[in-house]
Amino acid sequence: MPVRRSRDEYVRLNMARFHRAECEQRDAADPLAPIRDRFVIPAHVIYLDGNSLGPMPVGAAAAMTRVTEQEWGQRLIRSWNESGWIDAPLRLGRALAAAVGARADEVIVADSTSINLFQLLVAALQLRPDRSTIVAADDDFPSDRYLVDSAAALLQRRVERIDPADAIARISRDTAVVVFSHVHYRSGLMLDMAAITRAAHAQGALALWDLSHSAGAANLDLDGADVDFAVGCTYKYLNGGPGAPAFSFVHERFHTSMATPLTGWLGHDDPFAFEATYRPAPGVRRLQVGTPHILSMAALEVALEAVADVDWGRVRAKAMALTQLFIDLVESRLPHAGFVLASPADPHRRGAHVSFDHRHGFEIIKALIARGVIGDFRVPNTCRFGFSPLITRYVDVWDAVDHLVCVIENEEWRDPAHSVRSFVT
Ligand SMILES: Cc1ncc(COP(=O)(O)O)c(C=O)c1O
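Everything numeric in this text was worked out from a predicted model, so none of it was measured.

Thoughts on the site of the ligand
Okay, so step 1: Residues in contact with the ligand, as listed here, are Ser112, Thr113, Ser114, Phe141, Asp144, Ser181, Asp210, Ser212, His213, Tyr235 and Lys236.
Okay, so step 2: At a separation of 2.5 Å, an oxygen atom of the ligand approaches a polar side-chain atom of Ser114.
Okay, so step 3: For the ligand, whose free accessible area comes to 400 Å², the fraction covered by protein is 83%.
Okay, so step 4: The site holding the ligand turns out to be the largest pocket.
Okay, so step 5: Looking at the shell around the ligand residue by residue, the class counts come to two nonpolar, six polar and three charged.

Let's talk about the sheet that holds strand β15 (residues 382-386)
Okay, so step 1: Within the open sheet, the four strands sit side by side as β11-β12-β15-β14. Their pairing is antiparallel. Two strands bound the open sheet, and with one partner strand each, they are β11 (340-341) and β14 (376-378).
Okay, so step 2: One ladder, built from five bridges, connects strand β12 (residues 353-357) with β15; its direction is antiparallel. Looking at the pairing, Ser355 lines up with Arg384 of β15.

Section: helix α6 (residues 142-154)
Okay, so step 1: For α6, built from 13 residues, the straight-helix expectation of 18 Å at 1.5 Å per residue is met to within 8% by its first-to-last C-alpha distance of 18 Å.
Okay, so step 2: Those residues of α6 that fall on the buried side of the exposure criterion are Ser143, Asp144, Leu147, Val148, Ala151 and Ala152. Projection of α6 onto a plane perpendicular to its axis shows the buried side chains occupying an angular sector of 160°, all on one side. Exposed side of α6, more than 90 degrees from the buried face: Tyr146 and Ala153 are the residues found there.
Okay, so step 3: Residues of α6 that are buried in the fold lie against α5 (113-127), β5 (133-137), β6 (158-162), β7 (175-181) and β8 (206-210).
Okay, so step 4: A positive phi of about 50° marks Gln156, the residue just after α6.

A few points about the environment of Gly188
Okay, so step 1: Its place among the elements puts Gly188 in the loop between β7 and α8 (193-202).
Okay, so step 2: Between the C-alpha atom of Gly188 and that of His353, which follows or precedes it by 165 residues, the distance is 5.7 Å.
Okay, so step 3: The residues contacting Gly188, other than those within four sequence positions of it, are Val183, Pro344, Arg349, Arg350, Gly351 and His353.

Details of the domain arrangement of the protein
Okay, so step 1: When its domains are assigned, the protein resolves into domain 1 (7-30 + 311-419) and domain 2 (60-306).
Okay, so step 2: Here the C-alpha centre of domain 2 lies 32 Å away from the C-alpha centre of domain 1.
Okay, so step 3: Every contact between the two is made by 23 residues of domain 1 and, on the other side, 17 residues of domain 2.
Okay, so step 4: Here domain 1 meets domain 2 over a buried area of about 1500 Å², counting both sides, of which 54% is carbon and sulfur.

Side note on empty space enclosed by the protein
Okay, so step 1: Per the stated rule, a full pass over the model turns up three cavities of 30 Å³ or more.
Okay, so step 2: Considered as a void within the structure, the largest cavity measures approximately 50 Å³ in volume.
Okay, so step 3: Lining the largest cavity we find Pro89, Val109, Ala110, Asp111, Pro245, Gln288, Gly290, Thr291, Pro292, His293 and Met297.
Okay, so step 4: Along the lines of polarity and charge, the residues of the lining of the largest cavity split into six nonpolar, four polar and one charged.
Okay, so step 5: Volume-wise, the second largest cavity comes out at about 40 Å³.
Okay, so step 6: Lining the second largest cavity are Ala136, Ala137, Asp140, Asp144, Arg145, Val148, Arg161 and Val179.
Okay, so step 7: For the lining of the second largest cavity, the secondary structure elements donating two or more residues are β5 and α6.
Okay, so step 8: The element best represented in the lining of the second largest cavity is α6, accounting for three residues.
Okay, so step 9: By residue class, the composition of the lining of the second largest cavity is four nonpolar, no polar and four charged.

Each value, and the rule that gives it
Residues numbered from 1 in each chain as written. Predicted model: local features only at pLDDT ≥ 70, side-chain atom pairs only at ≥ 80, totals over all residues. Heavy atoms only, no water. Near = heavy atom within 4 Å. Polar contact = N/O pair within 3.5 Å; in protein donor to acceptor, adjacent residues only side chain to side chain. Areas by Shrake-Rupley, 256 points an atom, 1.4 Å probe, with all protein chains shown as cover. 1 Å grid on protein atoms, 1.4 Å probe; cavity = no way out; pocket = protein on both sides within 12 Å on 5 of 7 lines; lining within 4 Å. Sits in = over half its atoms within 2 Å of the grid points. Nonpolar A, V, L, I, M, F, W, Y, C, P; charged D, E, K, R; others polar. Pairing = 2+ DSSP bridges. Helix = DSSP H or I, 4+ residues; strand = E, 2+ residues; numbered from the N terminus. Expected span 1.5 Å × (residues − 1). Buried < 20%, exposed > 50% of the residue type's maximum accessible area, 1.4 Å probe, protein only. Arc of directions from axis to C-beta. Contact = heavy atoms within 4.5 Å. Domains from an automatic or database assignment. Buried area = accessible area lost by both parts, 1.4 Å probe. Points joined across faces, edges and corners; volume = space filled by probe spheres on them.

Next comes the structure, spelled out in structure tokens:
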């Protein structure tokens, strides 16, 4: 049931309108603003979930049509050579390298983040055979937790789960590898990748980073930070499409010494020699396991072209500004509505998403989605809002909070339809 607004609330809303004009001015002055036009954003949608699945790049559908109708449909198997299908993992890796601050030959696109994390963690552990511990975050993304446990069990190592705030102090001469998400999937906490990697190296350990929640929304400098290994997904802020293959980064100093556990035929030096025993391909090509996902890669290639000229320093600055604006607006306009900030208050320690805990978080997110404001929910009570700097306008932040105010003030979240849960939240 809609509630009548008090006079004070009307005054506040008028203030709100005044401030919206400021958002419009910020958009008009934003050098990244034109990049939004490179993506398909549905009408009447405020998309705050680019941290989960980025929007479709303009040109992706045409590229997929070309690959299916011509390359697959007409040219069939000849396209492996003629259309460069077989080179796609390295070609896309080269296209992605600048976005993560890597050299062109240090990145490959293949498989999923989970597979790549396992590959690189086992490879890294084998480079430190005499050390017994993996240092990892106590509440990292489940796939990362499960795979760290599996790798530890396989290679008889111990997992030390820590609060990442203590990372530097907890790395010791017994640490083989440290594994962290650069930006935490739930809180958005951004770790100091350079400092933690330096601390790992000072103790003779290796550093493996999961960049799933920062690649495409941060100013990454893997080589500058002297990172050993990294993985990340391409369907979030890099907008590669649902199920787009992930990437792996290996610092060039390991290109000959690294031994991978999943020795598939396409990681062989000469796959079409069909040799009886495995011989690793040079460099990151050995990380390939099986046949590349050509249809997915067609869309991802367009997505990477769409960000080829992006200034990542500006992207990072805009991420801090958008997230700060959202937090300020929620906290000033809904001070007593039960929202508890679950992300770092300091923008320098925060990625491009913001989480607020609320006891009716699930219903609130559903009510927002019904209004066309798409965020997501993480159990038990986290409302998560992503502000991909490539596609999000300052007015979107303003309007999203306006909708949130209506959802709360009109108690729209109480509609029973908003408590129905689907498999994917
Ligand atoms: C931080 C992090 N790591 C790993 C994954 C798993 O990625 P994939 O499903 O591509 O293996 C995700 C998925 O959302 C993630 O957020």
